[in-house]
Amino acid sequence: MRSVVLFGALSALLALPDALAVKSQDFKTCSQSGFCRRGRALAARAQEAQSSWNSPYSVDPSSILILPGDSTVKAVVKSSLYPEIKFGLELRIHDDGVVRVLLDEVDGLRKRYDEAASWALVSEPKLSKGIRWAAGKKELRAVFGEKNDIEVAVNYDPFRVRLRRGGEDQIVLNGRGLLHMEHFRSQTLKETTEEVVSEENAEGQEVLQIENVRAWFEGDSEDAYWEEKFSSWTDSKPKGPESLSLDITFPNHGTVYGIPQHATNLSLPSTTGESPSYTDPFRLYNADVFEYIASSPMSLYGSIPVMHAHSAETTVGLFNAIGSETWIDIAYPTKRSTHTHWISESGIMDVFLLPGPTPEDVFAQYARLTGTTALPAHWSLGYHQCRWNYVSSDDVRTVQKRFDEEDMPVDVFWLDIEYAQDHKYFIWDHKTFPDPVEMTNEVAAAGRKMVVIVDPHLKRTSDYPVYQEASDLDILVKPKSGEGEYEGWCWTGSSSWIDHFNPASWDWWISKFKTTKIDTGFSWIESTEDIHIWNDMNEPSIFNGPEITMPKDSIHYGGWEHRDVHNINGMLFHNNTAQAVRVRSDISKRPFVLTRSFYAGSQRVGAMWTGDNLGTWDHMAVGIKMVLANGIAGMAFAGSDVGGFFGNPEPEMLVRWYQVGIFSPFFRAHAHIDTKRREPFLLDEPYKSIIRDILRLRYSMLPIWYTAFKENSVTGMPIVRPHYVMFPQDTAGFDIDDQFFVGSSGILVKPVTEKGKNEATIYLPEDQVYYDYFTQYAYRGSIKGKYVIVAAELHQVPVFIRGGSILPTRERPRRSSPLMRLDPFTIRVALSKAGTARGELYLDDGVTYLHQQGELVWREFVAEQPQKKITRISSRDLAAQNPGKAVDGVALTTYDPKNAFAKEIEEVRVEKIVILGLVWKPSSVKVEGGAELKWEFVPGVAAIDTKEGTASVLIIKDPKVLITSDWAIVVS
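Residues numbered from 1 in each chain as written. Predicted model: local features only at pLDDT ≥ 70, side-chain atom pairs only at ≥ 80, totals over all residues. Heavy atoms only, no water.

**Section: the sheet that holds strand 35 (residues 720-721)**
Within a sheet, neighbouring strands are paired by backbone hydrogen bonds and run either parallel or antiparallel to one another.
Working step 1: A sheet is described by the order of its strands in space; here seven strands give the open sequence 35-36-37-42-39-40-51, paired in antiparallel fashion. If you trace the sheet from one side to the other, it starts and ends with strand 35 and strand 51 (949-950), each paired once.
Working step 2: Pairing of strand 39 (residues 769-772) with strand 42 (residues 799-802) involves three bridges; the strand directions are antiparallel. Residue Asp772 lies in a different strand from strand 42, and its bridge partner there is Phe800. (Pairing = 2+ DSSP bridges. Helix = DSSP H or I, 4+ residues; strand = E, 2+ residues; numbered from the N terminus.)

Structural data, given as C-alpha cells:
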C-alpha cells in the first residue's frame with residue numbers, strides 16, 4: 001500500500017515519470033548482493049571455460065538405494081572441491097508423473113532450511129507404484145507415464161538430472177555445471193586446499209605462496225561470506241555462506257513464463273546472453289517497492305518460484321520450493337531453447353519437475369501440489385470501492401448513498417489504516433468512527449460488505465491489548481540475539497511482528513477476530529460477520545529496515561533466520577487471518593482476505609493485488625500482464641488498483657482503467673490519501689454514464705466469472721487465460737499478453753491501454769467465427785491466425801464471443817450482487833462454424849461451504865444440429881453426471897439434484913435466449929414436447945458463412961424453462 005517515503009510530501013513525486021519515482025537505491029541489485037555476485041561469477045567462469053568446464057559434483061554409484069515401492073531412490077553426492085562433505089540426493093516420482101528432486105547437506109555443521117515445501121504443499125504427494133529404476137554404469141534411469149514415454153535419468157559424473165519425453169530432453173538440472181551448494185563451515189577453518197610453492201623475495205628470503213585450487217570454481221576470494229553491508233545496514237551472517245546455485249535448462253522450449261511477481265512481459269525477457277533485455281536477473285524477494293517501474297526485473301510484493309517452459313510441441317514446468325531470496329537469470333541461446341540460472345541465499349534443493357505435456361496438464365500437476373484458488377464468496381467478485389482513507393463512518397454512509405443515487409452497483413466498501421486509533425489495528429478511532437457496528441449493518445442492509453485493514457505490525461505499547469498479549473505469550477519475532485522482541489518502525493511507530501511460524505500464535509490470532517467476548521484476552525467485539533480483512537505490508541514492510549523489510553538475521557520459531565523464510569512469511573499471516581475469518585461464527589463462511597505478499601500456496605487462501613501502481617498508461621498495461629503471470633503460477637484471484645494508487649488520472653484514463661478492471665478476477669478501485677477523490681459518481685458526463693455501464697457489464701457477467709472460479713478451484717486452470725494456454729501450438733501467440741480469454745467461457749477481451757485510441761487490433765488465432773459481444777458483428781479468423789481492426793471509442797471495450805460458446809448472464813441492474821440471487825438468466829448461444837456450441841453455469845449459495853456437501857447447481861448448455869435445418873438447445877445436469885468434479889477437494893460420491901440450494905432457486909427461470917449465426921429464419925421455435933414460443937429473428941451473416949458482417953440474431957422471449965431443470969428447445 002505505502003512506504004516510509006510517504007511521511008514526506010508526495011505532490012512533487014506524483015508528477016514525475018514512474019522511472020524517476022521508484023527509489024531504486026533502497027533495493028539491492030545483483031552486484032550489491034554477495035551470494036548473487038558469487039552465483040553470477042560462477043556462471044561467468046563457466047562461460048569462459050566453455051567445453052573444458054565440468055561440474056565438481058558426482059553421484060557415488062555404490063551408494064544408490066532404491067526404496068521399497070521403487071518410486072523413490074536415494075544416493076550420495078560428493079564434490080571434488082570438498083571430498084569430506086557429503087550431500088544426500090533423493091528422487092521421488094509422483095503418481096501423476098511429477099518428479100521431485102531433493103539435495104541436502106548430510107551431517108553438516110548446521111541444518112539447512114528444508115521446510116519451504118511443507119508450507120507450500122496442500123498435502124504430501126502420492127507416490128507412483130510400479131516404477132522400475134535401472135542403475136547402469138553411467139546413469140540411473142526410470143521410465144514411466146501412461147505411454148511409458150517419460151524418462152528421468154541421473155548421470156553420475158558429472159551429476160546431472162534429465163527429464164525426457166519421447167527421447168527428447170525436456171528439463172535438465174546442472175546441465176551447464178552451475179550447481180553449487182555452499183556447505184556450512186567454521187569461519188576459523190582454512191577455506192582452501194593448499195599447495196606450498198617456494199619463491200625467493202628481494203632479500204633472498206624464502207616466501208610461501210598459497211595457491212587456491214578451488215578458485216576455478218568458487219573464485220579466489222570469500223566474497224561476503226561472513227558479513228555483508230548494504231547502505232547503513234550490516235547483515236551479520238552468523239551461519240556463513242550457504243547459497244544454492246542451480247542451472248535449469250529447457251533444451252527444446254524457447255519461451256518461459258511465470259516467476260511472479262514482476263512488472264514485465266508475460267513471456268519473460270532475457271537477463272543474460274546476447275543482447276539481454278535486462279542486465280539484472282529477475283529477483284524473488286518480497287519487498288515494499290514504492291511506485292515501482294512498469295518494466296523491470298525488480299522484486300515486488302510476492303514471490304512464486306514457478307516457471308512454465310513452452311513450445312509448439314509440449315509444455316513443462318517446475319516448482320523450486322525455496323523460501324529465501326532468489327535471483328533468476330534467463331537466456332535464450334537459440335529460438336528453441338532456454339537457459340535459466342537460479343541463485344538462492346539459503347535452503348535445500350527441492351525442485352518439482354512438471355512433465356506436462358500440455359499447459360492444462362502442467363496446471364493440474366501444480367494444483368495437485370499446492371492446491372487451487374479457494375472458491376471465493378460470490379460477492380467478492382463484484383466491485384470494491386476503496387481509498388486511503390474514508391475518513392469517518394459518515395463518509396462511508398455518504399459514499400454508499402451516492403452509489404445508490406447514481407444507480408451504480410457496488411459490493412464492498414474498504415477502510416484503510418486511519419480507522420484505527422494510533423494505527424492500533426482492531427481498535428476503532430471513535431472520534432471518526434463512533435459507531436462501527438451500526439455503520440457496517442447499514443452497509444450490509446443493501447447486501448454489501450466492509451473490508452477493513454489489519455496490518456502485521458503491532459504498536460509496542462502496553463495499552464494495546466493485541467501487542468501486550470503477543471508479548472506475554474512470547475510469540476513475536478526475535479532480534480538476531482534470539483532474545484527479546486525485534487523492534488522496527490512502521491505506521492504504528494515502534495512496532496513488533498507476530499511470528500506466524502510459531503504454532504502458539506495460530507489459535508491466539510484466530511481468537512482476535514471473534515465478534516463476541518472470549519474467556520481470556522481481547523476479541524474484536526466491535527466487528528460483525530460482514531467485515532472482511534485486508535492484509536497489507538506483510539512482506540513485511542519495515543520503514544527503518546534494510547530494503548524496507550526485516551533484517552535477515554532476525555530469528556523465527558525453530559531458530560530459523562528470517563533469510564530462510566522471508567518469501568513465505570507473508571503467506572502465513574494471510575493464511576491465519578483467513579482461518580480466523582472463516583471460523584469466527586458458528587457456521588463457517590468463506591472469508592475474503594486480500595494480501596499483498598504471497599508465495600506458492602497462497603492461492604488456497606484468497607486474493608492478491610499488484611500493489612502500489614501509478615496512474616499511468618504504462619502501469620495500466622503492465623497490470624494486465626502481471627495478473628496473467630500470477631494466474632500462470634496459480635495465484636488466479638488477482639487484480640490491479642483501478643485508476644492507479646498514485647496520481648490523478650484524467651477521465652479518459654479512468655474510464656479505460658475501469659474497462660480493464662471489469663475483466664480482472666479481482667476488481668477494486670483504490671487511491672492514495674493525497675489524490676483527489678475519484679469515485680465514479682463524481683465524474684462529469686459522459687464519463688459517469690460510461691462507467692455506470694461498465695460496472696453493470698461486470699455484474700451481468702458474474703455468472704460467467706463465478707463459473708470460471710469454480711473451474712479454477714477444481715482444475716487449476718487460470719481464470720484469465722493468455723493466448724498460449726488456449727492455443728498452445730500457435731507460435732504467433734506465444735508473446736501475446738494484451739488480450740486474453742475469461743475461463744472456458746469463450747469470451748475474448750482486448751482492453752485499450754493507450755491514450756487517444758478509437759480502434760484496437762485483435763488477434764484471432766483460428767479458423768473460427770468471433771462475434772462482437774455488443775454489436776453481434778461476425779469476424780473471421782484463419783487457420784494461420786489473423787489480425788482484425790475493431791472500433792474502440794471511449795465507451796467501447798473490445799469483447800468477443802468465440803464461436804461455439806454459450807454464455808449465461810443476468811441482465812437486470814441491481815445495487816449489489818446478493819440482490820441478484822433470484823434474478824432470471826439470459827442465455828447467449830454463439831454458434832460455431834459447425835453450427836454447435838457449449839457452455840456451463842455453476843451456482844451455489846456463494847457464502848458457506850455447503851457446496852462441499854453437494855448443495856449446488858452445475859449445468860451444461862449444448863447447441864447441436866441433430867439434422868439439417870434443426871438446431872437444438874438443451875440443458876442438462878453436469879453435477880449428477882460428474883459428482884467427483886463438482887467441488888474442489890471433495891469427491892462427491894452422489895449428488896441430489898433436489899438439494900436444499902437447488903430448491904431455493906428452483907423458480908429461477910431463463911427469461912431470454914439469444915442465438916447468433918443461424919442460417920435461416922426459423923419456421924418453428926418450441927420447447928421440446930411443448931408449445932410454440934414467442935421469438936424474433938433479425939437476418940444477417942450465418943456462422944457457417946465465410947464473409948464478415950452483422951450476424952443473424954434469434955431472440956426467444958420467455959422460453960418457459962427453469963435454470964435448474966433439464967430442458968430442450970428446438971429451432972426448425
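**A look at the pattern of salt bridges**
Working step 1: Within this structure, the stated rule accounts for 77 salt bridges.
Working step 2: Close ionic contact of Arg838 with Glu860 constitutes a salt bridge, the shortest N to O distance being 2.5 Å. Of this pair, Arg838 sits in strand 45 (residues 837-843) while Glu860 is found in strand 46 (residues 857-867), placing the two residues 22 residues apart along the sequence.
Working step 3: Taking relative accessible area as the criterion, Arg838 reaches 37% and is therefore assigned partly exposed. (Salt bridge = Lys/Arg side-chain N within 4 Å of Asp/Glu carboxyl O. Buried < 20%, exposed > 50% of the residue type's maximum accessible area, 1.4 Å probe, protein only.)

**Points about the state of the cysteines**
Working step 1: Applying the stated rule across the entire model yields one disulfide.
Working step 2: The disulfide bridge from Cys30 ends at Cys36, spanning 2.0 Å between sulfur atoms. Its torsion about the S-S bond being -100°, the disulfide of Cys30 and Cys36 is classed as left-handed.
Working step 3: Residue classification places Cys30 among the buried residues on the basis of a relative accessible area of 3%.
Working step 4: Cysteine Cys386 is unpaired, with the sulfur of Cys490 as its nearest cysteine sulfur at 17 Å. (Disulfide = S-S within 2.5 Å.)

**A closer look at the pairing of strand 7 (residues 150-155)**
Working step 1: Counting buried positions along strand 7 gives six out of six residues, so the element sits mostly inside the fold.
Working step 2: The side-chain alternation of strand 7 yields two buried faces, one formed by Ile150, Val152 and Val154 and the other by Glu151, Ala153 and Asn155.
Working step 3: The sheet contact formed by strand 6 (residues 139-144) and strand 7 spans six bridges and is antiparallel. Its bridge partner lying in strand 7, Arg141 is registered against Ala153.
Working step 4: Across six bridges, strand 7 lies against strand 8 (residues 160-165) in antiparallel orientation. For Val152, the partnering residue across the bridge sits in strand 8 and is Leu163.
Working step 5: Here strand 7 folds back onto strand 8 in antiparallel fashion, the turn holding four residues.

**Quick notes on the layout of surface pockets**
Working step 1: In this structure, the largest pocket encloses a volume near 1,000 Å³.
Working step 2: Along the wall of the largest pocket there are 39 residues; nearest its centre are Thr372, Thr373, Ser713, Asp888 and Gly889.
Working step 3: Among the secondary structure elements, those contributing two or more residues to the lining of the largest pocket are helix 6 (359-370), helix 11 (562-582) and helix 15 (702-715).
Working step 4: Its residues assigned to classes, the lining of the largest pocket shows 18 nonpolar, 13 polar and eight charged. (1 Å grid on protein atoms, 1.4 Å probe; cavity = no way out; pocket = protein on both sides within 12 Å on 5 of 7 lines; lining within 4 Å. Points joined across faces, edges and corners; volume = space filled by probe spheres on them. Nonpolar A, V, L, I, M, F, W, Y, C, P; charged D, E, K, R; others polar.)

**Description of the nonpolar core**
Working step 1: Core analysis: the largest hydrophobic core is formed by 218 residues, its most contacted members being Tyr419 and Phe663.
Working step 2: Here this core gets nine residues from one element, more than from any other, and that element is helix 12 (residues 617-632).
Working step 3: Non-local contacts of Tyr419, meaning those with residues more than four positions away in its chain, are made with Asn389, Tyr425, Phe426, Ile427, Trp428, Asp429, Phe433, Val452, Ile453, Val454 and Trp524.
Working step 4: Core analysis: the second largest hydrophobic core is formed by 58 residues, Ile85, Val161, Leu163 and Ile330 among them. (Core = buried A, V, L, I, M, F, W, Y, C linked by side-chain atoms within 4.5 Å. Contact = heavy atoms within 4.5 Å.)

**A closer look at unusual backbone geometry**
Working step 1: With omega at 5°, the peptide bond leading from Glu539 into Pro540 counts as cis.
Working step 2: Relative to the elements of secondary structure, Pro540 occurs in the loop between strand 29 (531-535) and helix 11.
Working step 3: With an omega of 5°, the peptide bond between Glu685 and Pro686 qualifies as cis.
Working step 4: With respect to the helices, strands and loops of the structure, Pro686 is situated in the loop between strand 34 (668-669) and helix 14 (687-700).
Working step 5: Residue Ile548 is not a glycine yet carries a positive backbone phi of 55°.

**Notes on the confidence of the model for the chain**
Working step 1: The share of residues in the chain with pLDDT of 70 or more is 96%, and the mean pLDDT across the chain is 95.
Working step 2: Here residues 1-20 is a poorly scored stretch, pLDDT under 50, and it has 55 contacts once near neighbours within four places are set aside; other chains count.
Working step 3: Below pLDDT 50 for its whole length, residues 190-198 participates in 24 contacts with residues either more than four positions away or in separate chains. (pLDDT = per-residue confidence, 0-100.)

**Thoughts on helix 7 (residues 393-405)**
Working step 1: Taking 1.5 Å per residue, 13 residues should reach 18 Å; helix 7 reaches 18 Å between its end C-alpha atoms and fits that length.
Working step 2: Within helix 7 the residues assigned to the buried category are Ser393, Asp395, Val396, Val399, Gln400 and Phe403. Along the axis of helix 7, the buried residues cluster in a sector spanning 160°; they form a single face.
Working step 3: On its buried face, helix 7 is in contact with strand 23 (384-385), strand 24 (412-415), helix 8 (436-444) and strand 25 (449-453).
Working step 4: Directly after helix 7, the chain includes Asp407, whose backbone phi takes a positive value near 55°. (Expected span 1.5 Å × (residues − 1). Arc of directions from axis to C-beta.)

**Structural notes on the sheet that holds strand 28 (residues 493-497)**
Working step 1: Read across the open sheet, the three strands follow the order 26-28-27; overall the sheet is antiparallel. Among the strands making up the open sheet, the edge pair consists of strand 26 (457-459) and strand 27 (488-490). Pairwise comparison of adjacent strand axes, ignoring direction, gives a mean angle of 60° for this sheet.
Working step 2: Judged from the three bridges that link them, strand 27 and strand 28 form a sheet pairing that is antiparallel. Counterpart to Gly488 in the pairing with strand 28 is Ser495. (Axes fitted to C-alpha atoms, helices over the stretch in contact; angles between N-to-C directions.)

**Focus on a nonpolar patch on the surface**
Working step 1: On the surface, a nonpolar cluster with roughly 280 Å² of combined accessible area is contributed by Val919, Trp920 and Ile944.
Working step 2: Mapped onto the secondary structure, Ile944 falls in the loop between strand 50 (934-938) and strand 51.
Working step 3: Classification of Ile944 by relative accessible area gives partly exposed; the value is 46%. (Patch = residues over 30% accessible without salt bridge, like charges linked within 9 Å, V, L, I, M, F, W, Y side chains within 5 Å. Areas by Shrake-Rupley, 256 points an atom, 1.4 Å probe, with all protein chains shown as cover.)

**A short note on the environment of Phe825**
Working step 1: By the secondary structure assignment, Phe825 is in strand 44 (residues 825-830).
Working step 2: It is 37 Å that separates the C-alpha atoms of Phe825 and Gly258, two residues lying 567 residues apart in sequence.

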